[in-house]
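A look at the structure
The lines below spell out each chain.
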Amino acid sequence: MSALRISGTTPEESLYRRVGGMAFFRQLVANFYDGVDVRPVLRQMYDEDLTEAKEHLALFLAQYFGGPETYNETRGHPRLRMRHAPYVIDVAARDLWLEAMLLAIDRSGASELDRAELVAYVDVAAHSLRNA
Ligand code: HEM
């Protein structure tokens, strides 16, 4: 996935830096999982305790957008298609996931340009993860 990175070419220019670093991704992911919580089709896929899911997604997105490589160091190569294989992700589930994420991005307080960059990536990624 990192080969598809579309954010800045130097760490100074990365979206990660522009939005304020890890705190931004933690808040984004907290808001995203609030959306998961009220979408039963999604909620039933996740563990009751969302602590780890939040940590994984926040570290992954932070890394993708130019932040520290903690995700790779702790989880290994993302292999997102493989890691999502246990879940039935049909068009409906994908669209619910995207809806929750787009709402979280809308509310994130990032600039219009940074929001567009976040949306562009999660849209492509979500489309690539449909498996049913
Ligand atoms: C298309 C709809 C999607 C569904 C229904 C879905 C569902 C899930 C579920 C149930 C998990 C397990 C929770 C955990 O332990 O982390 C998971 C993990 C994860 N998802 Fe998704 N996901 C979707 C799309 C995406 C997208 C678009 C991304 C990236 C932008 C993504 C990134 C991740 C990451 C990084 C993990 C943790 C992998 C790990 O380290 O184990 N997911 N997802």
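So, here's what we can say about the structure. Predicted model only: the values in this text are computed from it and were never measured.

As for the site of the ligand
With respect to spatial proximity, 20 residues lie near the ligand, and among them His-56, Tyr-71, Arg-75, His-84 and Trp-97 are the closest. The separation between an oxygen atom of the ligand and a polar side-chain atom of Tyr-71 is 2.5 Å. Taking Arg-75, its side chain carries an N or O atom lying 2.7 Å from an oxygen atom of the ligand. Applying the majority rule of atoms within 2 Å of the grid points places the ligand in the largest pocket.

Section: the nonpolar core
Judged by nonpolar contacts, the single largest core of 36 residues is most densely connected at Phe-25, Phe-32, Tyr-33, Leu-61, Phe-65 and Tyr-121. Sorting the residues of this core by element identifies helix 1 (15-19), helix 2 (22-37), helix 4 (51-64), helix 7 (91-106) and helix 8 (112-128) as the ones contributing at least two each. When neighbours within four sequence positions are excluded, Tyr-33 is seen to be in contact with Tyr-46, Leu-50, Ala-53, Lys-54 and Leu-57.

Thoughts on the pattern of salt bridges
By the definition in use, this model includes six salt bridges. Across the pair Arg-18 and Asp-114 runs a salt bridge whose closest N-O atoms are separated by 2.7 Å. Of the two residues, Arg-18 is situated in helix 1 and Asp-114 in helix 8; the sequence distance between them amounts to 96 residues. Look at Asp-114 and you get buried, because its relative accessible area is 5%.

As for the packing of helix 2 against helix 7
Taken N-terminus to C-terminus, the directions of helix 2 and helix 7 make an angle of 140°; their axes are 8 Å apart at the nearest point. Comparing their axes, helix 7 and helix 2 come out oblique. Here helix 2 runs over helix 7; the crossing is right-handed. Between helix 2 and helix 7, the residues in contact are Leu-28, Asn-31, Phe-32, Gly-35 and Val-36 and Trp-97, Ala-100, Met-101, Ala-104 and Ile-105, respectively. Residue composition of the contact of helix 2 with helix 7, by class: eight nonpolar, two polar and no charged.

Conventions adopted
- Residues numbered from 1 in each chain as written.
- Predicted model: local features only at pLDDT ≥ 70, side-chain atom pairs only at ≥ 80, totals over all residues.
- Heavy atoms only, no water.
- Near = heavy atom within 4 Å.
- Polar contact = N/O pair within 3.5 Å; in protein donor to acceptor, adjacent residues only side chain to side chain.
- 1 Å grid on protein atoms, 1.4 Å probe; cavity = no way out; pocket = protein on both sides within 12 Å on 5 of 7 lines; lining within 4 Å.
- Sits in = over half its atoms within 2 Å of the grid points.
- Core = buried A, V, L, I, M, F, W, Y, C linked by side-chain atoms within 4.5 Å.
- Buried < 20%, exposed > 50% of the residue type's maximum accessible area, 1.4 Å probe, protein only.
- Helix = DSSP H or I, 4+ residues; strand = E, 2+ residues; numbered from the N terminus.
- Contact = heavy atoms within 4.5 Å.
- Salt bridge = Lys/Arg side-chain N within 4 Å of Asp/Glu carboxyl O.
- Axes fitted to C-alpha atoms, helices over the stretch in contact; angles between N-to-C directions.
- Parallel < 35°, antiparallel > 145°, perpendicular 65-115°, else oblique.
- Left-handed = near helix turned anticlockwise from the far one by under 90°.
- Nonpolar A, V, L, I, M, F, W, Y, C, P; charged D, E, K, R; others polar.

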